[in-house]
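Chain and residue survey
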Amino acid sequence: MPKKQRIPHKFQPWIDVRRKFHLSHKHVQMARELGLSPKKFGSYANRDKQPWKLPLVEFIEFLYQRQFDKTEPDQIRTIEEMAAEHVAKRAERKLRKLNSENDASPSIEIDGETENAVPQAEGGDNQIQAVGDEESGQAGTITQDQTPDDSNAS
């Protein structure tokens, strides 16, 4: 049995809306291109209590016609196809990033062990040293809007 395809979280609400409101792939794609929220489809399709509203399919087609001056998208793709494409792009990007990180840090092989050619800084924290009055031996304070030269002028 083939492995079940993983659907990213951003596509799952659209699949649920398609099932719940019996929409076609065309209508889901049109709604996504229009920028409609899948969470609001319940209020768009509330024809029982608000009979003056258009049915959801006609409402989406009306908005799409008004916005894009055409009746349907040029190429109709399913949410599952978009999700698979999205997952493939992310995997490719992740692989490319790993390859670039491996190529960016040159390594040296010494006695059969691989080490980084560029030594890493110890501690890693950049610390700010206080500038003080050297004659009196007291440390001055530096505020955020002062420069080290201004600290001794006060």
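Residues numbered from 1 in each chain as written. Predicted model: local features only at pLDDT ≥ 70, side-chain atom pairs only at ≥ 80, totals over all residues. Heavy atoms only, no water.

1. Describing the environment of proline 73
Relative to the elements of secondary structure, proline 73 occurs in the loop between helix 4 (56-68) and helix 5 (79-104). By relative accessible area, which is 4% here, proline 73 ends up buried. For the pair proline 73 and glutamine 29, spaced 44 residues apart in the sequence, the C-alpha separation amounts to 7.8 Å. Discounting chain neighbours no more than four positions away, the residues touching proline 73 are Lys26, Gln29, Met30, Glu33 and Tyr64. (Helix = DSSP H or I, 4+ residues; strand = E, 2+ residues; numbered from the N terminus. Buried < 20%, exposed > 50% of the residue type's maximum accessible area, 1.4 Å probe, protein only. Contact = heavy atoms within 4.5 Å.)

2. Concerning the side chain of threonine 78
As for its position among the elements, threonine 78 is in the loop between helix 4 and helix 5. A polar side-chain atom of threonine 78 sits 3.0 Å from the main-chain amide nitrogen of glutamate 81. (Polar contact = N/O pair within 3.5 Å; in protein donor to acceptor, adjacent residues only side chain to side chain.)

3. Here we look at the pattern of salt bridges
Counted by the stated rule, this structure contains five salt bridges. For arginine 77, the salt bridge is made with glutamate 85, and the minimal N-O distance between the two is 3.4 Å. Arginine 96 is the salt-bridge partner of glutamate 92, the closest N and O atoms lying 3.7 Å from each other. Placement of both glutamate 92 and arginine 96 in helix 5 is noted, with a separation of four residues, approximately one turn of the helix. (Salt bridge = Lys/Arg side-chain N within 4 Å of Asp/Glu carboxyl O.)

4. Considerations on helix 5
The terminal C-alpha atoms of helix 5, which comprises 26 residues, lie 37 Å apart, in line with the 38 Å expected from a rise of 1.5 Å per residue. All of the buried residues in helix 5 are Ile79, Met82 and Ala83. Looking at the buried residues of helix 5, the elements they touch are helix 1 (12-20) and helix 2 (25-34). (Expected span 1.5 Å × (residues − 1).)

5. Some remarks on the packing of aromatic side chains
Counted under the stated rule, the structure contains five aromatic pairs. Here the aromatic rings of phenylalanine 21 and phenylalanine 41 are separated by 6.2 Å at their centres, their planes lie at 50°, and the arrangement is tilted. In this pair, phenylalanine 21 sits in the loop between helix 1 and helix 2 while phenylalanine 41 sits in helix 3 (residues 41-44), placing the two residues 20 residues apart along the sequence. Judged by its relative accessible area of 22%, phenylalanine 21 is partly exposed. Taking 5.5 Å as the distance between ring centres and 40° as the angle between the ring planes, the aromatic pair formed by tyrosine 44 and phenylalanine 59 counts as tilted. One end of the pair, tyrosine 44, is in helix 3; the other, phenylalanine 59, is in helix 4, and 15 residues separate them in sequence. You can call phenylalanine 59 partly exposed: its relative accessible area is 23%. (Phe/Tyr/Trp six-rings, centres within 6.5 Å; stacked < 30°, edge-to-face > 60°.)

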